Each structure stands twice: as C-alpha cells, then as structure tokens.
Amino acid sequence: MPREGTEHHAAADDTPAELDVDGRISSYARLMQSLPRLKYSKSKPPDDLDKKILATAIPSMLNLMVVPLVNAVDTFYVGQLADPLALAAQSAANQCFFTIYFLAAFLPTITAPLVAEAIGKEDWDTATSRVCESLFLSNILGGLFSLALIGFPRVVLRLVLPSSLTDAAATGTVSVMDYAVPYLRWRALGMIPALFSATGFAAYRGLLNTVTPLKVSLTTQLLNLVLDPLCIFGLGKSGLAPIPLLSRVWGGLGAAGAAAATSASELTSSLIYTRLLLRRKLIRWSKLFKPPPLESLLPLIQGGLAMLLRQMTLNVAFVSAARRAQAMDPSGVSAAAYGITMQIYSLGVVAHLGIQGTAAALVPSSRAMETGGDDAARDVADRIFGWGTLLGVILAGVQWFALPMITPWFSPLPEVREAVKGPAAISSFIHLVNGLVFAGEGTMLGLGQFRDLALITMLGVGVMISCLASPLGKTLNGVLVSLACFNVVQGLAVLYHHVRISPLRRRKKLAEG
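Everything in this summary refers to the structure shown in the same document. These numbers come from a predicted model, not from an experiment.

1. Considerations on the overall build of the protein chain
- Helix and strand counts for the protein chain come out as 19 helices and zero strands.
- Taken over 513 residues, the protein chain has a buried fraction of 56%.
- In the protein chain, the proportion of contacts linking residues at least 24 apart, taken out of those at least 6 apart, comes to 83%.
- Put simply, the protein chain shows about 22,000 Å² of open surface, and 66% of that area lies on carbon and sulfur atoms.

Rendered as structure tokens:
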C-alpha cells in the first residue's frame, strides 16, 4: 500500500490515491493489509518493523506475565487453607489495593511515552527530568494512599464487601472482613515500592529496553515464591525441615502472609531499579527529593488529570463488579470463584498490556525521530493493531482449552471449582476483542490523546454499569458478560478513533492528473 509520500507515483499511473476520510478505499482496508505474516522463511524473513515490535513486546509481555503468575501461586497457597472466606478476602483486599494503587499509577503510564519522545529527540536532560518528576509525585501519592490503607482498612474494604460479609455473625465465627483487614495492611506496605518499580519499568520502556525489567521481575518474583509458604504457613509447614523452636516463634501469618511476601518482593524491586536508574543517569538525588517547578510538571498534570479521571471511572466499574460477586452468597463461594476467574483472565491481560506498552513507546519514538514523522508512526501503529488482534485470537484459544487443567489448581473445594467454569469460559472469549482495545489504548497514550481515551473509557464503563444494574448483574456469568460488553465498546471506539480521529489518520488528498 503506498504511503502519502508515494502518492505522486500512484497518480502517474492514473490510480486514485488512497483516501481514509471520505474516499472509497477505507482505512480498515489499510489495517487489514498491515496484518503480520504468519509464515516466515529464509527467503521471506520478518521485516525490520516486525522485528522491532517483537523485540520490544515479547520481553515486556514476559515481564508483565511474571507478576500474575506469581499472584496465581499466591492464590494457590491461600487456597490450600481450604477456606473459601480466605480466598474471598484475598480477592476483596487485592481489588481494594489496586483500586487505590491505580489512582497514582497513571504517572508511570504517562512517563513511558514522554521518555520515549525525549529519547527520540536525543534530549537526555528532559528524559531525566520526566522520570524524577514522576517518582517525586508517586512517592507523595503512594505515601498518602499507604497511610489510608493501613489506618482505615475497614473503610476501604466496605467499598467492595457488602454488610453481609463484614459481620462475624453472618458466617458463624469469622467474617471475610477479619481475613481481609490484615491482608490489606500488609499489602499497603508495598504501595510506594510498587509505584517506584512501575516508574522504573516505564523509564526503561521509554528507552525501548524491555529485557532489563524482565530480569528484575524474574529476580524479585522468585523471592516472592520463596517467601510465600514461609509467610503463610510458617517454618513448620513451609516445606523446610521442621524446627520446633522456630516453629513456635514463627507460625506464619495465614492468608495475610501472601501480601507480606509480595510487599517484600516489591521493596526489593524498587531498590534494584534505584541502582539501575542511577547508573543510567535517569535519576539524580538532587531532583528526586526536590519539588519540581510547576511549568515542568505541566505535561504530567495535563495528561494526568485525564488519566486520573479515566482510572477513577474504571475503578467504579470494577469495584461494582467485585461488589456484585461478593454479595451473591454469604458462603464466599461466588466471591472466591470471581477472584479465581479474574486471576486466570489477568494472565492474558498482561500479554495485551505488553502490546499496549509497546505502542505507547514505539509510536511517539518513531514520530519524534527526524526520519520518522506521522508516516512512520502510522506504520508502527497499524502493525501493532495487527499483532494485537493475532495475540487476542491465540490467548482466547489457549485459555479455553487450558481451563479444565488449570482451574483445579486454585482450590480443592468442588463447589468453588464448579462455580469457576462458566465465568472463566466467558472471560476467554473477551481476549478476542482485547487485541484491539490494548493496541488502540497504547497508540492513544503514545500520541498524548489522554482526553479522548478518558471519554472512550467513560463510554465503555457506562455500558458495563448498565449491564450490572440489569438482571445480568445477578449472576456470576452475567458479571462477566457485562465485562465483555465493556471491552467490545472499547475495542470498536479505539479502532474508530485510530482511523477517523487520531492525528495519524490520513487526510483526504485528491489524486493528481
């Protein structure tokens, strides 16, 4: 397909130029032609663009996938307590933690494209300033949020837990709240380190280096795997040789031990990123603890307000879904099934997040280069849409066929296993549209289209909330169908934005001759 720079050649053959706005040849045809080839050979190797995308996306996917895999191990160990209330508490506490965490995590999200744009212009001073500014704000917000979670966990947990699950009388002895409070407090200790690590990862993604973050993630999550049984069961049941004296001193924290292990691994990750960023001269101690001037914060603030609005909108939707699941039965079975379903689903979502991050870094980087511009950025975005679509098809098939094998890992209780089957099957098909969603979101992030992305998210959330308020919200399968409706609306909206509204759309040009 000829690019804008080759339309004179097309005109010489009396061939009309390709028009994306009002012409007969649609932008969607352009996207179809940008789909990657599925077969490669020595005579037809991957082109440079595919190599660049895959070299950035695959390590990013693996890095992001390590975390939910370890979280799945957390769920496995908590499941071995054979108490559905513990699983329900873990699900509720994690939902609350991430609801608060993502109110500050928009800063690392914005940092990656800003760093990529600065590096594309070879402006290292600006790149350093952007990283330090993001870390300064992350530390302030993370500290405030940590204090809120540690000091007032019951207030936060009531956002997710209905009153029927907060009273001990509702379950006979202990309630979900009794399990969730210590879990959330231990998890809150990792808030600042998690934001610091996320900013470090974003900075390296802006450098188009996703291999180093993968090494960091593998190291710290391995530590998490080692600490999980020690923190949950203590020394006596952790698989190590029993030591009677130490067993009496340290008997484990129960379900909250999984949160303690995660916070310890996040602290380790933040320390490693501090060392790495200092070596790359992307942070300076003089800037890290010094309030940046207002004018230098404007790029973060302008994009941050729109992204904060978007994240708050998402929080409303997913907290509503979690609350629906928690309220379905006081035994905690539905809540446990919902938590396991979302755990399985998240394994695929992180692969899509790798695509999103790749688009957020490569699109602005290609656009900022002297030899790039809109043409180069458009080619990158189109191809990433193609890879995202292909990934969605693969993930949907893999999850569907793997469900009978992996579902029993998460709980020994037959009633929980049975409750997971339907929702987990529905979630596998959501991946079919997620390819468009995350590729489009990443492209919009890379272009700085934060306001439009927030508006699209609000549209999708409105559809999801409407579905949850309907009879669909009364069953676990219906909650997942509501999530599917949200993603379908998102996918169609970001695709339309890319081909009709985005700065990368092709403007109508009349053919010469």
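Read on for the rest.
2. Points about the packing of helix H16 (residues 374–406) against helix H19 (residues 476–501)
- Direction vectors running N to C along H16 and H19 enclose 155°, while the axes themselves pass 12 Å from each other. Between H16 and H19, the interaxial angle falls into the category roughly antiparallel. Note that H16 runs across H19; the crossing there is left-handed. Seen from H16, the contacting residues are Ala381, Asp382 and Phe385; seen from H19, they are Val494, Leu495 and His498.

3. What about the packing of helix H4 (residues 84–101) against helix H9 (residues 191–206)?
- It is the contact of H4 with H9, at a shortest axis distance of 11 Å, that shows an interaxial angle of 55°. As far as their axial angle goes, H9 and H4 are oblique. By crossing handedness, the relation of H4 to H9 is classed as right-handed. Of H9, the residues touching H4 (which contributes Phe97, Ile100 and Tyr101) are Met191, Ala194, Leu195 and Ala198.

4. Some thoughts on the nonpolar core
- Formed by 74 residues in total, the largest nonpolar core has its most connected members in Tyr101, Leu149, Leu157, Leu184, Met191, Tyr338 and Leu483.
- Counting residues per element, this core draws most heavily on H4, at 11 residues.
- Those residues within four positions of tyrosine 101 in sequence are excluded, and the remaining contacts are Met191, Ala194, Leu195 and Ala198.
- Membership of the second largest hydrophobic core comes to 21 residues, among which are Met61, Ile355, Ala381 and Leu504.

5. A look at unusual backbone geometry
- Unlike most non-glycine residues, lysine 281 shows phi in positive territory, near 60°.
- The topology assignment puts lysine 281 in the loop between helix H12 (256–279) and helix H13 (285–288).
- On the basis of relative accessibility, which here comes to 63%, the residue lysine 281 falls in the exposed class.

6. Looking at a nonpolar patch on the surface
- Together, Val393, Trp400, Phe401, Phe429 and Leu432 make up a nonpolar patch on the protein surface, roughly 550 Å² of accessible area in all.
- Those elements that place two or more of their residues in the nonpolar patch are H16 and helix H17 (414–446).
- Inspection of the secondary structure assignment puts tryptophan 400 in helix H16.

7. A few points about the side chain of serine 60
- If you trace the backbone, serine 60 turns up in helix H3 (residues 48–79).
- On the accessibility criterion, serine 60 (1% relative accessible area) is buried.
- If sequence neighbours within four positions are ignored, serine 60 has contacts with Phe201, Thr210 and Gly354.

8. Notes on helix H15 (residues 333–368)
- With 36 residues, H15 should reach 52 Å at 1.5 Å per residue; the first-to-last C-alpha distance of 52 Å fits that figure.
- The principal kink in H15, of about 30°, is found at serine 346.
- Across the 36 residues of H15, 33 count as buried, placing the element largely inside the fold.

Quick notes on the rules
- Residues numbered from 1 in each chain as written.
- Predicted model: local features only at pLDDT ≥ 70, side-chain atom pairs only at ≥ 80, totals over all residues.
- Heavy atoms only, no water.
- Helix = DSSP H or I, 4+ residues; strand = E, 2+ residues; numbered from the N terminus.
- Buried < 20%, exposed > 50% of the residue type's maximum accessible area, 1.4 Å probe, protein only.
- Contact = heavy atoms within 4.5 Å.
- Areas by Shrake-Rupley, 256 points an atom, 1.4 Å probe, with all protein chains shown as cover.
- Axes fitted to C-alpha atoms, helices over the stretch in contact; angles between N-to-C directions.
- Parallel < 35°, antiparallel > 145°, perpendicular 65-115°, else oblique.
- Left-handed = near helix turned anticlockwise from the far one by under 90°.
- Core = buried A, V, L, I, M, F, W, Y, C linked by side-chain atoms within 4.5 Å.
- Patch = residues over 30% accessible without salt bridge, like charges linked within 9 Å, V, L, I, M, F, W, Y side chains within 5 Å.
- Salt bridge = Lys/Arg side-chain N within 4 Å of Asp/Glu carboxyl O.
- Expected span 1.5 Å × (residues − 1).
- Bend = angle between axes of the 7 residues up to and from the residue.

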